[in-house]
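Analysis of the macromolecular model
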Amino acid sequence: MTLDSYNTEGFFDEMFTSDHQLKTGYVPFVNYIKHLTIEDLAHKQVAAEHSLMALGITFNVYSAEGGTERIMPLDIIPRIIEGREWDRLSDGLTQRIKALNLFIHDVYNQQQVFKDDVVPKSLIESSKCFLKPCIGLEPPKSIWCHITGTDLIRDQHGVMRVLEDNLRCPSGVSYMLENREILKRTFPKILDETQVRPINGYTISLREMLEHIADKPSPNIVVLTPGIYNSAYFEHAYLALQMGVELVQNSDLVVKNGYVNMRTTKGLKRVDVIYRRIDDTFLDPLTFNPDSLLGVPGIFEVYKRGRVALANAPGTGVADDKVIYAYVPKLIKYYLGEEAIIPNVDTYLCENELDRQYALDNIADLVVKEANEAGGYGMLIGPKASKQEHDDFRKKILANPRNYIAQPTIQLSRVPSLATDKIEGRHVDLRPYILYGKEIVITPGGLTRVALRKGSLVVNSSQGGGSKDTWVLY
Amino acid sequence: MLSRVANSIYWINRYIERAENYARFIGVNANLALDTANIPDAMQWMPLVATTADEELYKDIYGEPSQEDIFNFLTFDNNNSNSVYACVMNARENARTIRENISIEMWEHINGFYHNVRDTANKKQEILPNPREFLKSVVQGSQLLSGIEDSTISHTEGWHFGKLGRFLERADKTARLLDVKYFILLPSLDEVGSVLDLIQWSAVLKSVSAFMMYRRKYGQLLPNKIVEFLILDKDFPRSVYYCTASAQVMLKNILRTHRSSVKNPAMQKLAMLNSELYYTNTKEIMKFGMHEYIDRLQTIINEVNDEIHEMFFAVKD
């Protein structure tokens, strides 16, 4: 089949230029599918989904009937990024993570950034994710955000922008890794011809990073999961398995004699590093949320004494606040003396009077977000919402302006995707995974999430989103 | 290894072995019922509920015994935590929480096993007239799991905990079955050695797949030889002695990797039991009292289980 009749419909397309020229990275792929029919592709698509199920990379959807496991739909047409563009993105992400890490450290220690009037102190103190118990903390090697999954989007002019920083236990990396395994089976020859950079070093780098923050030879590393009812449980199990470390639940851990220990058949065994996949405030019922049943009592005290390393460090969420997000380009300038390589999306802070008025007046054209929500929750997409919803959000903004930001509605770039009987453009974003250990390691690629519903801009898996393999070229 | 993981592997195997034994008991009893049509349901089926020690629960839920209710109770009833369905479901839940510790084949099999039982439970009326194939599939499901574990999991600590659970469960079930025949089906004196008596004894043997093996060894059906075979035989893999002796080997292998654990109460109890079973004979068992003896066996097996739990699974802070 050919893509001659494929219509970019005026959107920025990852495969075609605006005058319908095929971008060079896609040449081997398009040459290959010339020999296939749409049925062949659909067949490959079904086979890919079966393999995903068999590999067990699923997420839980719980119901009374004992629960079902679903896969995140994978669209087999890859998203391709040219090497040169990737290298620039990689520099931009490195720069951003460095600055954010310095910022978090500053917030909990010297607070120079407030004294120099770069960010108003009141913003931090009103942030839900600012954790008082972390004041004065010095995490191992001064690294706070060990694992980050930055959300990038490309706007209608082709400019890549940061949408969210996701410094708190970002998920989805197992999909990134498995998607590649599936595509290796689906298009072995094209992968080879296209010269794609490998991504399977991720779990090796992850383990190296966790070893680095332990500061002792052969540390005992564990992955801490909330348990099998967590929707990302299989990712937790997968990463533990790939790294060759134990997957633990809170009931496996106990604080004794000033250290964190795990209960084994041979008695208690000391734990040195915890890659924790539970939220900050659930970590320790003695320090944070006293109702937490997922945490380990006393763990924070051990952490403060430097006797266990946590990735990510508690408190990193403060830089995830969507109001702080607006300040990141300034923070990069302040801490590194550099201009931000990857721009933000223009952001109106409803706390500021002028911005707020603009947001209220133009709500029908804007996206409004709550400062601390993620996963597409607490969000209004102005152009797709009703008048009633616009009014509701206006009221919410006026009631608590600090908690809202507004952004222009961005027409995300599109990638040709398999619709039932044809290939059509679908909107995508990109979540690369960044590890901060001895050095900053960014796996070339990331999780491309795709809004599989025609016309939809929402890529979240809970709302009809799927994913694509991301090919970064040499 | 993590206590929680060891505990799960141990119970996966106990639950699956329990499901297998129940399926055997039910299958043989259903077959026996066809040969003894003149015996009322209560007498034919209630002893089976006694085997599983859940009589009170049964009476609470169903009241009077009937073949259909008892079959349901033992096979599909979720309220009975020992039913085949509940056992396989519990095994799967345990497997789910330790998926990264078991092989993919093992998980896929347990998951498929569970779905087979669940799907059948949803259409139980259809299989009620002839449950033979289904019960056979449960027995095979358990045997297949055993084979998959042997051939896809390293024979290290976790595998040993699994086998330990298997053998203890099996020892307990064989002892219980014998007890039911002896204690509950006890015929009046003039029926000892009658055709009915022998049919029942053959059924006991068949319940644990021992009929052919017994015949090969002893030929004639003699109650005290059957007792000897099922409790003391050194080679038959479902005899109590074979199972407790194998459990001891498994425990020894586990302890081998532990420091300072030679004198462990579980090991002590198992070793004492095994040397007793090795040297005793049916005459002495009869003198002690068959029911009393089996009761004692079961108490010791339970104590061993409790000691294992204390030592390995419930690690103190």
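This one's a predicted model, so the numbers in the text were calculated from it and none came from an experiment. (Residues numbered from 1 in each chain as written. Chains lettered and ligands numbered in written order. Predicted model: local features only at pLDDT ≥ 70, side-chain atom pairs only at ≥ 80, totals over all residues. Heavy atoms only, no water.)

**A word on the domain arrangement of chain A**
Residue and element names in this part refer to chain A. Annotation of chain A at the domain level lists domain 1 (86–173 + 199–336) and domain 2 (348–408). On the side of domain 2, 11 residues touch domain 1, which itself brings 15 residues to the contact. Both faces combined, the contact of domain 1 with domain 2 buries some 1100 Å², and carbon together with sulfur accounts for 47% of it. Across the domain 1-domain 2 interface, the total number found is 2 salt bridges. Among the salt bridges present, the one from Lys-369 reaches Glu-164, with a minimum N-O distance of 4.0 Å. Where domain 1 packs against domain 2, one counts 4 residue pairs in polar contact (both at pLDDT 80 or more). Those elements that provide at least two residues to the side of domain 1 that touches domain 2 are strand 6 (160–164) and helix 11 (322–325). With 3 residues, the top contributor of residues to the side of domain 1 that touches domain 2 is helix 11. For the side of domain 1 that touches domain 2, the residue count by class is 7 nonpolar, 2 polar and 6 charged. (Domains from an automatic or database assignment. Contact = heavy atoms within 4.5 Å. Buried area = accessible area lost by both parts, 1.4 Å probe. Salt bridge = Lys/Arg side-chain N within 4 Å of Asp/Glu carboxyl O. Polar contact = N/O pair within 3.5 Å; in protein donor to acceptor, adjacent residues only side chain to side chain. Helix = DSSP H or I, 4+ residues; strand = E, 2+ residues; numbered from the N terminus. Nonpolar A, V, L, I, M, F, W, Y, C, P; charged D, E, K, R; others polar.)

**Description of the sheet that holds strand 14 (residues 348–349) of chain A**
Residues and elements named next belong to chain A. Strands sit in the order 14-17-15-16 across an open sheet of 4 strands; the sheet is antiparallel. Of all strands in the sheet, those bounded by a partner on one side alone are strand 14 and strand 16 (379–381). With 5 bridges connecting them, strand 15 (residues 366–370) and strand 17 (residues 404–408) associate as antiparallel partners. Residue pairing for strand 17: Val-367 is matched across the bridge by Gln-407. (Pairing = 2+ DSSP bridges.)

**Some words on helix 6 (residues 173–186) of chain A**
Here helix 6 of chain A spans 20 Å end to end across 14 residues, near enough to the 20 Å set by a 1.5 Å rise per residue. For helix 6 of chain A, the full list of buried residues reads Val-173, Ser-174, Tyr-175, Met-176, Leu-177, Glu-178, Asn-179, Arg-180, Ile-182, Leu-183 and Thr-186 of chain A. (Expected span 1.5 Å × (residues − 1). Buried < 20%, exposed > 50% of the residue type's maximum accessible area, 1.4 Å probe, protein only.)

**Notes on the pattern of salt bridges**
According to the stated counting rule, one finds 49 salt bridges over all chains in the structure shown. Between Glu-424 of chain A and Arg-426 of chain A there is a salt bridge whose closest N-O contact spans 3.1 Å. For Arg-426 of chain A, a relative accessible area of 8% puts it in the buried group. Salt bridges sharing partners connect three or more residues here, namely Arg-14, Arg-18, Glu-169, Asp-172, Lys-173 and Arg-176 of chain B.

**Quick look at the packing of aromatic side chains**
As enumerated under the stated definition, the model contains 33 aromatic pairs over all chains in all. Ring plane angle 75 degrees and centroid distance 6.2 Å describe the contact between Phe-71 of chain B and Phe-76 of chain B, whose orientation is recorded as edge-to-face. Just as Phe-71 of chain B is buried, Phe-76 of chain B falls in that class too. Taken together through their ring pairs, the aromatic side chains of Tyr-10, Trp-11, Tyr-15, Phe-161, Phe-312 and Phe-313 of chain B make up a single cluster. Sitting over the ring of Phe-393 of chain A, Lys-396 of chain A keeps its end group 4.5 Å from the ring centre. Here the guanidinium or amino end of Lys-234 of chain B rests over the ring plane of Tyr-241 of chain B, the centre of that ring lying 5.4 Å away. (Phe/Tyr/Trp six-rings, centres within 6.5 Å; stacked < 30°, edge-to-face > 60°. Lys NZ or Arg CZ within 6 Å of the ring centre and 35° of its normal.)

**With respect to the domain arrangement of chain B**
All names here are of chain B. When cut into domains, chain B gives domain 1 (1–153) and domain 2 (167–317). On a C-alpha basis, the centres of domain 1 and domain 2 stand 21 Å from each other. Domain 1 puts 23 residues into the contact, and the matching count from domain 2 is 22 residues. Note on domain 1 versus domain 2: buried area summed over both sides is about 2100 Å², and carbon and sulfur give 62% of it. There are 5 salt bridges connecting domain 1 and domain 2.

**Section: helix 16 (residues 290–313) of chain B**
With 24 residues, helix 16 of chain B should reach 34 Å at 1.5 Å per residue; the first-to-last C-alpha distance of 33 Å fits that figure. Inspection of helix 16 of chain B places Met-290, Tyr-293, Ile-294, Leu-297, Gln-298, Ile-300, Ile-301, Val-304, Asn-305, Ile-308, Phe-312 and Phe-313 of chain B among the buried residues, and these make up the whole buried set.

**A word on the sheet that holds strand 8 (residues 246–248) of chain A**
Residues and elements named next belong to chain A. Within the open sheet, the 4 strands sit side by side as 8-7-12-13. Their pairing is parallel. In the strand order of this sheet, the two ends are held by strand 8 and strand 13 (309–311), each with one partner. The sheet shows a mean angle of 30 degrees between the axes of neighbouring strands, taken without regard to direction. Pairing analysis gives 3 bridges linking strand 12 (residues 273–276) to strand 13, with the strands arranged parallel. When the bridges of strand 13 are listed, Val-273 appears paired with Ala-309. Sheet contacts for helix 9 (residues 233–243): strand 7 (221–224), strand 8 and strand 12; angle to strand 8, the most-contacted strand, approximately 150 degrees. (Axes fitted to C-alpha atoms, helices over the stretch in contact; angles between N-to-C directions.)

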